[in-house]
Amino acid sequence: MRKTYGIDELKRKAVSIRRDILTMLEKAGSGHTGGSLSIVEILLSLYYGGMNISPEEFGRKGRDKFVLSKGHGCPALYAVLADLGFFPREELWTLRKLGSRLQGHPQLGLPGLEISSGSLGQGLSVAVGFALADRMDGVDARVYCLMGDGETNEGQIWEAAMTAAHYKLDKLCGIVDYNRLQIDGFCCEVMDLGEYKNKWEDFGWHAVEVDGHDLEQLKGAFDELRTVKGRPQVVIAHTVKGKGVSFIENRVEWHGVAPKKEELEKALAELDEQEKQLG
Ligand SMILES: Cc1ncc(C[n+]2csc(CCOP(=O)(O)OP(=O)(O)O)c2C)c(N)n1
Ligand SMILES: [Mg+2]
C-alpha cells in the first residue's frame, strides 16, 4: 500500500525539500535556483499522491510517468526522488559532480527518471509518445509533463499540443510552471504568451488555472482532470520563481546561479522560520 500524505505533512515536506535544493546547489557551486524552488508543491502534489508511482513500481508497465521537460529544475526532482527512496539521500550532495548520477540536467540512469531532458521544448513530445504507447499496449496509466512558461515559447510544444489533441490523449496532463520569468527577463517582455489559457483551449486542451503553491488547489485539479474524457489537460500553475526565500523570489538574476555559503545560511534561517510557523 502506498502511504497517503495529509496537506500539513506536505507543507512541512515542502520546507525540507527547499532546504535540500538550496544545500545541493550550494555544494555544487552552480545550478538553477529560482526554477527549482518554484516547482516544489507541483512535484509534491504528484509524487506524494497524484501519481501512481513508487520506487518498487518503477519500471513496472502501467506506472504513471513523469517528464520534467524543464530539465534545469532537476534539483527539486532529485530531492523528491531521494526522499521517496528512489536512490540514497547521500547522493544528493554529488549534484553536478563528475561521474555523479545527478547531473545538472536529468540523465537517464538515475532511478526514477523516465527521460533525459534539459533541451527545452522537447518533453511534451516525449510525453505524447508515452501516452500513445500506453494506449497501444492497452495500459491504463497517466503521463504528466512539467514545462516552464518561457519554455512554451518553443514551437515544438505547440506541435506536440496539436498532436495530443488530435489523438484525444486524455491520459496526458501537462503542467506549466507559470512563474512569469525566464532566463533573461519577464516572459511578457521576451515573448508575450498572450491569453494563455485560451491558447491551450484553442489547441484542443482542457485547461485549468491554479495557485501552484497551494497544495489543496493542486490536488483538486489533478483529481478533477483524471475524469476528463477525450482531451488532454493542462494545469497552468501560477508560481513564484525562487519561492520560499525572500531575496530569491521573483529575481531574474537568480535564474542560473547557486547560493553562496552565507546566502545559504540566510535562506535556511528563513526556512526554519517557515517551519516554526507551521507548528
Ligand atoms: C533549447 C534550449 N534553449 C535554451 C536553453 C537555456 N535555458 C535554460 S533555462 C531557460 C529559461 C527557461 O524559462 P522557463 O521555461 O520559464 O523556466 P524557469 O526558468 O522559469 O524555470 C533557458 C532559455 C535550454 N536549456 N534549451
Ligand atoms: Mg518561467
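Counting restarts for each chain: residues are numbered from 1 in the order of the written sequence. Labels follow written order: the first chain is A, the first ligand is 1, and so on. This being a predicted model, a pLDDT of at least 70 is required before a residue's local features are given, and a value of 80 or more before pairs of side-chain atoms are given or counted; all residues contribute to the totals for chains, interfaces and linings.

## Notes on helix α9 (residues 215–225)
Phase 1: For every residue, the other C-beta atoms within 10 Å of its own C-beta are counted; 20 or more classify it as buried, 12 or fewer as exposed, and values in between as partly exposed. C-beta atoms are placed from the backbone. Segments assigned H or I by DSSP are reported as helices when at least four residues long, segments assigned E as strands when at least two residues long, and all are numbered from the N terminus. Those residues of α9 not exposed but buried are Leu-215, Leu-218, Lys-219, Ala-221, Phe-222 and Leu-225. Down the axis of α9, the buried set is contained in an arc of 165°. They therefore lie on one face. Exposed side of α9, more than 90 degrees from the buried face: Glu-216 and Asp-223 are the residues found there. The directions considered for the arc are those from the helix axis to the C-beta atoms.

## Considerations on the pairing of strand β3 (residues 172–178)
Phase 1: Counting buried residues along β3, 7 of its 7 residues qualify, which places the element largely inside the surrounding structure.
Phase 2: Residues of β3 alternate between two faces, with Leu-172, Gly-174, Val-176 and Tyr-178 on one and Cys-173, Ile-175 and Asp-177 on the opposite face, all of them buried.
Phase 3: Taking the sense of rotation as the criterion, the β-α-β connection linking strand β2 (residues 143–148), helix α6 (residues 155–166) and β3 turns out right-handed.
Phase 4: Sheet analysis places β3 next to strand β7 (residues 233–238), joined by 6 bridges and oriented parallel. The residue bridging Tyr-178 from the neighbouring strand is His-238, located in β7. Here is how to tell: hold the view so the strands point away, follow the path from the first strand over the helix to the second, and if it runs clockwise the crossover is right-handed. For two strands to be treated as a pair, DSSP must find at least two bridges joining them.

## Overview of the packing of helix α3 (residues 40–50) against helix α4 (residues 74–84)
Phase 1: Structural elements are reduced to axes, namely lines fitted to C-alpha atoms, with helices fitted over the stretch in contact, and the angle between N-to-C directions of any two is expressed from 0 to 180 degrees. The contact between α3 and α4 brings their axes to 10 Å, and the two run at 35°. Along this stretch, α3 crosses α4, giving a crossing that reads as right-handed. Residue-level inspection shows Val-40, Leu-43, Leu-44 and Tyr-47 of α3 in contact with α4, the latter providing Ala-76, Leu-77, Val-80 and Leu-84.
Phase 2: Considered class by class, the residues forming the contact of α3 with α4 number 8 nonpolar, no polar and no charged. Two helices that cross are described as forming a left-handed crossing if the nearer one is turned anticlockwise from the farther one by less than a right angle, and a right-handed crossing if clockwise. Whether two residues are in contact depends on their C-beta atoms, placed from the backbone: they are in contact if these lie within 7 Å. Think of it as three bins: nonpolar holds Ala, Val, Leu, Ile, Met, Phe, Trp, Tyr, Cys and Pro, charged holds Asp, Glu, Lys and Arg, and polar takes everything else, Gly as well.

## With respect to unusual backbone geometry
Phase 1: Even without glycine at this site, Lys-168 takes up a positive phi of about 50°.
Phase 2: As for its placement among the helices and strands, Lys-168 is situated in the loop between α6 and β3.
Phase 3: Exposure remark for Lys-168: the 14 C-beta atoms within 10 Å place this residue in the partly exposed category.
Phase 4: Look at Arg-180: it is not a glycine, yet its phi comes out positive at around 70°.
Phase 5: As for its position among the elements, Arg-180 is in the loop between β3 and β4 (181–182).

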